[in-house]
Amino acid sequence: MRYLLKRLGFYALAAWTAVTVNFILPRLMPGDPATTLFARFKGKLSPESIDALRAAFGLTEAPLWSQYLTYLSHLLRGELGISLAYFPSPVSELIGTALGWTLLVAGSAVLVSYGVGTLLGIAAAWWRRGVLDTWLPSGLVFLGSFPYFWLAMAALYVLGFGLRWFPLGHAYSDDAIPGWTAAFALDVLRHAALPIATVALAAVGGWLLSMRNTMITVLGSDFVSLAHAKGLHPARVVLRYAARNALLPSVTGLGMALGFVLGGTLLTEIVFSYPGQGYLLVQAVRNQDYPLMQGIFLVITLAVLGANWIVDLAILWLDPRARDSTS
């Protein structure tokens, strides 16, 4: 418990640092969001309106410490400001909408690629030098050497444009009515199938190779040889003794990958015009939407920290040595 609280304190300190840097950076940049928005209207706004815009964006003449306290209080209430590109929509509302689509596509792709790659890595190491171990790792690593957006464009052209098996883009059809219905869910899954498949295909080779190499090392350990000598069932040896210990490095990698999921698979979302976090970030950068960029970066940072803390919990559960060293 002391170890977990110590790690939680470390992540809380890192989160506070990220929040503070997120507050300071825009104030060090030339200009401000109100001036940018005022210039975008090209003289259609009166000069007096810039003061109202500055107040709306929280840019006051108050001392910096007062602005910082106001910023923290807004954060605690989930208020991240107003978007420039989608004015007057709140940033939290835009991020909340895009977050669901990103979690569906990028989160599913990470979990599918990790699950499939890990299982294939265990099988390749157990039946070493067999057909599975000889051809599958090299084939999947070859596919993974292509950029995932290139795979996305190839799949979109062949399966979407050529064969018309899948839609060409967006999260759901224009004539679909959003709601908790089976028809809408199937339409969403049909639109998400190609983005998920292309990202998972590009990543599964890496997970397979990592798990296979770790498994081969673990299978040569004394405790695995002892398990064989005791006459335990092969399935118990490979899953309970070898795979459980070999999982530790890949679980750490999974935590990092899940954290960065919220950044979105940026280029894939652009190829499929998918309305996720990555697509939103591109729009924010293109329109110099500082409040939206701040909000997205903050969400990504907090997601990485949260995912790492969950990984700490998982490692404590998987590895008894970690529990002993922290007790």
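### Observations concerning the overall build of the protein chain
Per the secondary structure count, the protein chain includes 14 helices and zero strands. Overall, the protein chain shows an N-to-C arrangement of helices and strands of α-α-α-α-α-α-α-α-α-α-α-α-α-α. Looking at the 327 residues of the protein chain, the share that counts as buried comes to 40%. A separation of at least 24 residues holds for 71% of the contacts in the protein chain among residues at least 6 apart in sequence. Total accessible area computed for the protein chain in this model is approximately 18200 Å², and 69% of it derives from carbon and sulfur atoms.

### Here we look at the confidence of the model for the protein chain
Of the residues in the protein chain, 87% have a pLDDT of 70 or more, and the chain-wide mean is 81. The least confident element of the protein chain is helix H14 (residues 320–326), whose mean pLDDT is 62; the most confident is helix H8 (residues 182–219), at 89.

### Thoughts on the pattern of salt bridges
Tallying each qualifying case throughout the model produces one salt bridge. Between Asp133 and Arg212 there is a salt bridge, with its nearest N and O atoms 2.5 Å apart. With Asp133 in helix H6 (residues 131–144) and Arg212 in helix H8, this pair connects stretches of sequence that are 79 residues apart. The exposure classification of Asp133 matches that of Arg212, with both residues buried.

### Focus on helix H12 (residues 277–286)
Note that an α-helix has 3.6 residues per turn; residues three or four places apart therefore point the same way. Of all ten residues in H12, seven are buried, a share of seventy percent or more. For H12, the set of buried residues is Gln277, Gly278, Leu280, Leu281, Val282, Gln283 and Ala284. Gln288 lies just past H12 and shows a positive phi near 50°.

### Let's talk about the nonpolar core
Trp101, Val105, Ala192, Ile196, Val271, Phe272 and Tyr274 are the most contacted members of the largest nonpolar core, which totals 17 residues. Considering every element that reaches this core, the biggest residue donor is H8, with six residues. For Ala192, the contacting residues outside a window of four places in its chain are Leu104, Val105 and Tyr274. Core analysis: the second largest hydrophobic core is formed by 14 residues, Ile122, Ala125, Met211 and Val237 among them.

### Some remarks on the packing of helix H5 (residues 91–126) against H8
Contact geometry for H5 and H8: axes closest at 5 Å, N-to-C directions at 35°. Taken as a pair, H5 and H8 cross one another with a handedness that is right-handed. Across the contact of H5 with H8, the residue classes break down as 26 nonpolar, five polar and one charged.

### Here's the deal with H8
Between the first and last C-alpha of H8 there are merely 46 Å, a value that for 38 residues lags more than 12% behind the 56 Å anticipated at 1.5 Å per step. The largest bend in H8 is about 40°, located at Ala192, with the proline Pro195 one to four residues further on.

Rules used in this analysis
Residues numbered from 1 in each chain as written. Predicted model: local features only at pLDDT ≥ 70, side-chain atom pairs only at ≥ 80, totals over all residues. Heavy atoms only, no water. Helix = DSSP H or I, 4+ residues; strand = E, 2+ residues; numbered from the N terminus. Buried < 20%, exposed > 50% of the residue type's maximum accessible area, 1.4 Å probe, protein only. Contact = heavy atoms within 4.5 Å. Areas by Shrake-Rupley, 256 points an atom, 1.4 Å probe, with all protein chains shown as cover. pLDDT = per-residue confidence, 0-100. Salt bridge = Lys/Arg side-chain N within 4 Å of Asp/Glu carboxyl O. Core = buried A, V, L, I, M, F, W, Y, C linked by side-chain atoms within 4.5 Å. Axes fitted to C-alpha atoms, helices over the stretch in contact; angles between N-to-C directions. Left-handed = near helix turned anticlockwise from the far one by under 90°. Nonpolar A, V, L, I, M, F, W, Y, C, P; charged D, E, K, R; others polar. Expected span 1.5 Å × (residues − 1). Bend = angle between axes of the 7 residues up to and from the residue.

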